[in-house]
Amino acid sequence: MRTQFPDNFLWGGAISACQAEGAYNVDGRSMTIPDVTMYNKKLDRKITKQVSFTREAIEVAKKDLDDTMYPKRRGIDFYYTYKEDIALLAEMGFSVFRFSIAWSRVFPNGDDTTPNEKALEYYENVIDECLKHNMEPLITISHFDMPLVLMEKFGGWYNRKLIDLYLNYCETIFTRYRGKVKYWVTFNEINMSIKAGPKTLGIINEGFDNYEEALFQGIHNQFVAAAKATKLAHEIDNNNKIGCMVAYFTTYAHTCKPDDVMKMLYDDRMRNQFYLDVQAKGKYPWYMDRYFTENNINIKMEDGDLEVIKENTADFIGFSYYMSMISSADATNLEITSGNVMNVLKNPYLEGSEWGWQIDPVGLRYTLNTVYDRYEKPMFILENGIGLLDKLNEDGTINDEGRVDYHRRHFEAMKEAIKDGVDLIGYTMWGPIDIISSGTSEMSKRYGFIYVDQDDFGNGSKKRYKKDSFYWYKNVIKTNGEDLGDVK
Ligand code: P53
C-alpha cells in the first residue's frame, strides 16, 4: 500500500495564455475570442451570468481598441515578465509548470502556410526558462482562445477543416519543441463546450435549426483532432505523454430517492463521462445513442473517425476540480448557487466561496477514486484552487489563510486517494500567480500564491508580492506533501 506522494510526483501550477500574457496585438498575434469578451462584474457574484456572443457584439468589440473593458487583452503582462514570474514559481520549488500556447500567435491567419517565427521563438524561450529551473513544461495546446479568424473564416469547430488546421499547428509545435516538452494536453476542459459553445468551439448560436447538434458536431471534430494529435505526438517522439482533460463536474444525488440517483448518473454521464469515455476508452459510449436519437442529433462522421479515436486514446486523464454540486429529479424548490459556467443546486452540507463555488475536498477524493476506477490510467489534477478577494497590506504582505486552508484540505484528500490506490502523477493548482478570471474577466477573483498589483480596470503597478500561501506551498513541495502545516 502506498502511504505518501510518490517520489517523482509533479508539483506545480497552471495558467493560460489568454488570461496571463496580454500583448494581444504584439509580434503578429491576431485577435481571439477572449480579446472580445467583456469584463463581466455581476451584481450578485453567486449567480452565473453568461456574456452574450453575437456576431454584432464581436464587431463592436473589434473596433474598440481600448483594453479597459477587455481585461484579457492585457492579462498580467506575462508576455514580458515570464522570466521573473517563472523564477518566483521556481522559488516555490515547482517541478511542473502548465501553460498554454496561443494558436493566434503561431498561425495568426488560421491557415498560414508558414508559422510565425516570432511566436515559436517566444514559446521556446518560455520553455527554456522552465527547463533552466528544472520544471517540466506541460503545454495546453488550446485553452479557450480560439483565434477569431477561425470563427469568422471557417465557422469554428463546426467545420471539419479545423481538424487539419489544428493538426498543422500541433505538428509545428511538436516538432519544434521535441525533446524539450514531454507533457501535452490537447484541449482545455473539452466538456465545457456544450455550455460555452462560442467560447470554446467558436460556434455562434446563429442560423442553426438545432444548435445543440452543431455543438456536438464541433465536439466530435475536436475528438478526432485530439486523437490524431495524440497519434502524431507519439510518432514525432515516443516519449511524449498526451493528456485529455475535462472540468470534472462532480455531483451527488440530492436524496436517496431512486429518481435523484438516476439523475445523478445521468448528469455524470452527460457532463463528464461521455468526454472521457470517448478519449480514454476510445469509443462513443452506448448510453449516448438514446440521447442523440431523442434530441435529433446526427453527428456527421467520416470513414476512419471511429478507428482513429479507438487507436489513439489519451496517455493520462487530466481534469480540473474546483467544487461539487448535486443532482435532483425535481429541482423546483431547491436553492441555486453559481458554479463552473452554470448555476448549480446548492448542497446544504457545503460552504461556498465568495463566488458561490461549493468547497468540497472529499469530493476530490471521490472523483479521483471513481474516475481512476473507470479508466485505470494515470491521473493528473490540472487545475484546483479558490478565487478569493485578497488584500495587499501596507507592508506588502497578503494574509490568505482561506487559500491555505482550501489547498491543505484538498491535499489531505489527495493523500487519502493515493492511499486508496489511485495512480496520481501530478498536481498543477490553478493560477499560481494572479491572472484574469476566465468566467468573469475580473482581476479581483484571485487564485495565486503570488499577488499581482492590478485592479479590474488595469490600474496598478503590476508589481508581484508573495502571499502567505507562497511560503506554505513552498514547504509542502519541499516535504513532498508530508508537512501540510498546522491547522488553525
Ligand atoms: P474562473 C469557468 C468556470 C469554472 C471553470 O475559473 C472554468 C471556467 C471557464 O470559464 O474553467 C477553468 O477564472 C479554466 C480556467 C479558469 C478556471 O477554471 O472563472 O480552465 O481558464 O480560469 C477558473 O474563476
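Residues numbered from 1 in each chain as written. Predicted model: local features only at pLDDT ≥ 70, side-chain atom pairs only at ≥ 80, totals over all residues. Heavy atoms only, no water.

S.K.: Help me understand the site of the ligand, please; the structure alone is not making it clear to me.
M.R.: Around the ligand, a shell composed of 18 residues is seen, among which Glu189, Lys199, Ser438, Gly439 and Tyr447 lie nearest. Measuring from an oxygen atom of the ligand, one finds a side-chain N or O atom of Trp430 at 3.1 Å. Separating an oxygen atom of the ligand from a backbone N or O atom of Gly439 is a distance of 2.7 Å. In isolation the ligand offers 470 Å² of accessible surface; the protein chains occlude 99% of this area. Tallied by class, residues from the shell around the ligand come to seven nonpolar, seven polar and four charged. (Near = heavy atom within 4 Å. Polar contact = N/O pair within 3.5 Å; in protein donor to acceptor, adjacent residues only side chain to side chain. Areas by Shrake-Rupley, 256 points an atom, 1.4 Å probe, with all protein chains shown as cover. Nonpolar A, V, L, I, M, F, W, Y, C, P; charged D, E, K, R; others polar.)

S.K.: Would you take a moment to explain the pairing of strand S12 (residues 424-430) for this structure?
M.R.: Put simply, side chains in a regular strand alternate between the two faces of the sheet. Burial of S12 is extensive: six of the seven residues sit out of reach of the surface. One ladder, built from five bridges, connects strand S1 (residues 10-14) with S12; its direction is parallel. Its bridge partner being in S12, Trp11 is matched across the sheet by Tyr427. By the bridge criterion, three bridges tie strand S11 (residues 379-383) to S12 in an arrangement that is parallel. Counted as the bridge partner of Phe380 is Gly426 from S12. After leaving S11, the chain enters helix H14 (residues 401-420) and then returns to the sheet as S12, a path that is right-handed. (Buried < 20%, exposed > 50% of the residue type's maximum accessible area, 1.4 Å probe, protein only. Helix = DSSP H or I, 4+ residues; strand = E, 2+ residues; numbered from the N terminus. Pairing = 2+ DSSP bridges. Right-handed = clockwise from strand over helix to strand, strands pointing away.)

S.K.: Is there a simple way to think about unusual backbone geometry in this case?
M.R.: Across the chain, the bulk of peptide bonds are trans and the bulk of non-glycine residues have phi less than zero. Non-glycine residue Glu376 carries a positive phi angle of around 50°. Within the secondary structure layout, Glu376 lies in the loop between helix H13 (361-375) and S11. When its relative accessible area of 60% is taken as the criterion, Glu376 is described as exposed. Phi at Asn480 is positive, roughly 50°, even though this residue is not glycine. Mapped onto the elements, Asn480 comes out in the segment after helix H15 (468-478).

S.K.: When you look at the pattern of salt bridges in this model, what are you seeing that I'm missing?
M.R.: Close approach of charged atoms allows side chains of opposite charge to pair. Following the criterion strictly, the structure yields 32 salt bridges and no others. We note a salt bridge from Asp111 to Lys153, for which the minimum N-O separation is 3.0 Å. Taken as a pair, Asp111 in the loop between helix H4 (103-106) and helix H5 (117-132) and Lys153 in helix H6 (residues 148-154) lie far apart in primary sequence, 42 residues in all. The exposure class assigned to Asp111 is partly exposed, which follows from its relative accessible area of 36%. Given a relative accessible area of 46%, Lys153 falls into the partly exposed group. (Salt bridge = Lys/Arg side-chain N within 4 Å of Asp/Glu carboxyl O.)

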